[in-house]
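Single-letter residue listing:
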Amino acid sequence: MRKNIYAFCLAVFASVFILSCSGNELYDDNSMTDLELGNSNLDIPDQFKIIGEKHNEGLDAAFAAIKSHYKLVKTRSGDTLTRLSKDEYLLIAEQGLKKFCAENVDNYSDEFYGHIRAEMMPKTRAQGETMSPKVYVFVEKMKELLADEPDSPDQLVKGLNEINKAAAVELSGTELEAVYAGTSTCYSSFIYWNENRMKWFMILNNPDLASQLDDEDLNHFAFKNGKLVPPTQTRSWWDDAWSSVGEGWDSTKDYVSDWWSNGGGKEVVSSDAGGAVAGAIGGAIGGSSLAGVGAGPGAIAGGISGGTYSSIDQAIQQWILRS
């Protein structure tokens, strides 16, 4: 009898564990949550690996600023919330990003950020106009790598390392550092948006959810057979554990494929990488002109703020549903 009870409990635990993992992973045989492991395999100097890590933290800070805005408005009005415009979203998210950078990024200041935004990332200029042709070649290589749809995070790292190796032969100084900023951001952004795209999608289009669900619950929304399915926490965990384990993975893969190919995934991640490259170049220039910063540290701070801003901008542009 004890053996039967033990076997039954083990089966239940295994089913719940499988579901909790599959809901947050793009591939069934590769963990998408170990960002540090992926960064450790990137063939770039350690000081540039922090660019991608801070990029992801900055995105969460920007998202938190949007949620906080809606929670405050809801508290004051108590009525159904009105969705913000794209420009309003970007302004609030950018404020959250700037606050994060001021508290967590070395050699950052609002003056420094203003230089990057004004000189290197205006919407009216293409990324190819913010860097030399030699550097832009490597930004295009990152875009091509993403367009080929890597089969796994390991394959993405392998492709990025080929770019790093070629850049180290052809470039030096700030130009090489800018490419490192781009590859670090490219990998981190790929991981981030595969894990967190749903919470952005839900809040950008359904602001009333900001005060009702936490980030984890928002990320557990999914599209299945063309319909939006709420988190399992709102339904019977028992029924879900036994009925969805067979069909859930196929439905998730279908949605992920649609998001990546048709919903802006490639555009967002490649824009992040290009923004980090442009930001690193702008940061090096700004760092050289500001006392006590220097080109190298400026490139790192610029890569973080530049890539993260591009990420926020593209997410807002791509994922707000047309009314």
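The structure under discussion appears in the preceding block.
Cut-offs and rules
- Chains are numbered independently. Their residues run from 1 in the order of the written sequence.
- Where totals are concerned, whole chains, interfaces and linings use all residues; where local detail is concerned, this predicted model gives features only for residues with pLDDT of at least 70, and gives and counts side-chain atom pairs only at 80 or more.
- Remark: hydrogens and water are excluded; side-chain values derive from all non-hydrogen atoms of the structure.
- Every helix listed is a DSSP run of H or I at least four residues long, and every strand listed is a run of E at least two residues long, numbered separately from the N terminus.
- Relative accessible area decides the class of each residue, using a 1.4 Å probe on protein chains only: under 20% of the type maximum gives buried, over 50% gives exposed, and in between gives partly exposed.
- By definition, residues are in contact when any of their heavy atoms lie within 4.5 Å.
- Note on areas: Shrake-Rupley, 1.4 Å probe, and residue coverage restricted to the protein chains presented here.
- A carboxyl oxygen of Asp or Glu within 4 Å of a side-chain nitrogen of Lys or Arg is what we treat as a salt bridge.
- To form a nonpolar core, buried Ala, Val, Leu, Ile, Met, Phe, Trp, Tyr and Cys residues must be joined to one another through side-chain atoms within 4.5 Å.
- Under the convention used throughout, the expected extent of a helix is 1.5 Å for every residue step, that is, one less than its residue count.
- Fitted lines through C-alpha atoms serve as axes, helices being fitted only where they are in contact, and the angles separating the N-to-C directions of these axes extend from 0 to 180 degrees.
- Each angle is binned into one of four classes, with values under 35 degrees roughly parallel, values over 145 roughly antiparallel, values of 65 to 115 roughly perpendicular, and all other values oblique.
- The crossing is said to be left-handed when, going from far helix to near helix, the turn is anticlockwise and less than a right angle, and right-handed when the turn is clockwise.
- Pairing of N or O atoms within 3.5 Å defines a polar contact, subject to two protein rules: one partner must be a possible hydrogen donor and the other a possible acceptor, and residues neighboring in sequence count only if both atoms are side-chain atoms.
- Each residue gets one label: Ala, Val, Leu, Ile, Met, Phe, Trp, Tyr, Cys and Pro are nonpolar, Asp, Glu, Lys and Arg are charged, and the others, such as Gly, are polar.

Caption draft 1: Region of interest: the overall build of the protein chain. Counting its regular elements, the protein chain contains 13 helices and 2 strands. The burial tally for the protein chain puts 50% of its 323 residues in the buried class. Counting only contacts in the protein chain whose residues sit at least 6 apart along the sequence, the fraction spanning at least 24 positions is 75%. A total of about 15400 Å² of accessible surface is found on the protein chain, and carbon and sulfur atoms cover 52% of it.

Caption draft 2: Summary view of the pattern of salt bridges. Under the counting rule described, the total for this entry stands at 10 salt bridges. The salt bridge involving K99 is made with E103; its shortest N-O contact spans 2.8 Å. In this pair, K99 and E103 are both assigned in helix α4 (residues 86-104), 4 residues apart and thus about one turn of the helix distant. Here K99 and E103 have matching classes, each one exposed. When salt bridges that share partners are traced, they join D60, K67, K199 and D215 into one network.

Caption draft 3: Layout of the environment of D43. Assignment of secondary structure puts D43 in the loop between α2 (35-41) and α3 (46-77). Along the backbone, D43 and Y180 are 137 residues apart, and their C-alpha atoms lie at a distance of 9.0 Å. For D43, the contacting residues outside a window of four places in its chain are N161, N164 and Y180.

Caption draft 4: Here's a closer look at the nonpolar core. One finds I66, L160, W193, W200 and I312 to be the most contacted residues of the largest nonpolar core, which totals 78 residues. Those elements giving two or more residues to this core turn out to be α3, α4, α5 (110-119), α6 (133-147), α7 (153-170), α8 (173-205), α12 (265-289) and α13 (295-319). Element by element, the count of residues in this core is highest for α8, at 17 residues. Beyond its immediate chain neighbours, meaning those up to four positions away, W200 contacts L59, A62, F63, I66, Y192, W193, I312 and A315.

Caption draft 5: Focus on unusual backbone geometry. Even without being glycine, N107 reaches a positive phi, approximately 65 degrees. Considering the arrangement of structural elements, one finds N107 in the loop between α4 and α5. For E149, which is not a glycine, the phi torsion comes out positive at approximately 55 degrees. Its place among the elements puts E149 in the loop between α6 and α7. For E149, a relative accessible area of 35% gives the class partly exposed.

Caption draft 6: Just α13, in detail. For α13, spanning 25 residues, the distance from its first C-alpha to its last is 35 Å, which sits close to the expected 36 Å at 1.5 Å a residue. Where burial is concerned, most of α13 is hidden: 20 out of the 25 residues are buried.

Caption draft 7: Highlighting the packing of α6 against α8. Where α6 meets α8, the axes come as close as 10 Å, and the angle between the chain directions of the two elements is 15 degrees. As judged from the angle between their axes, α6 and α8 are roughly parallel. Once α6 is placed against α8, the crossing between them reads as right-handed. Of α8, the residues touching α6 (which contributes K134, V135, F138, M142 and L146) are E175, V179, G182, T183, C186 and F190.

Caption draft 8: A look at the environment of R117. Structurally, R117 is set in helix α5. Linking R117 and S305, residues 188 residues apart in sequence, is a C-alpha distance of 9.2 Å. For R117, the side chain forms a polar contact with the side chain of E94, separated by 2.9 Å.

Caption draft 9: Highlighting the packing of α7 against α8. Their axes nearest at 10 Å, the elements α7 and α8 cross at an angle of 175 degrees. By the criterion of interaxial angle, the relationship of α7 to α8 is roughly antiparallel. In contact with P153, L156, V157, L160, I163, N164, A167 and A168 of α7, α8 contributes L176, V179, Y180, T183, C186, Y187, F190 and I191. Here the residues of the contact of α7 with α8 sort into 14 nonpolar, 2 polar and no charged.

Caption draft 10: How the structure looks around the environment of T82. Inspection of the secondary structure assignment puts T82 in the loop between α3 and α4. Residues T82 and D208 lie 126 residues apart in sequence; the distance between their C-alpha atoms is 8.6 Å. In this structure, T82 is in contact with Y70 and P207, ignoring residues within four places of it in sequence.

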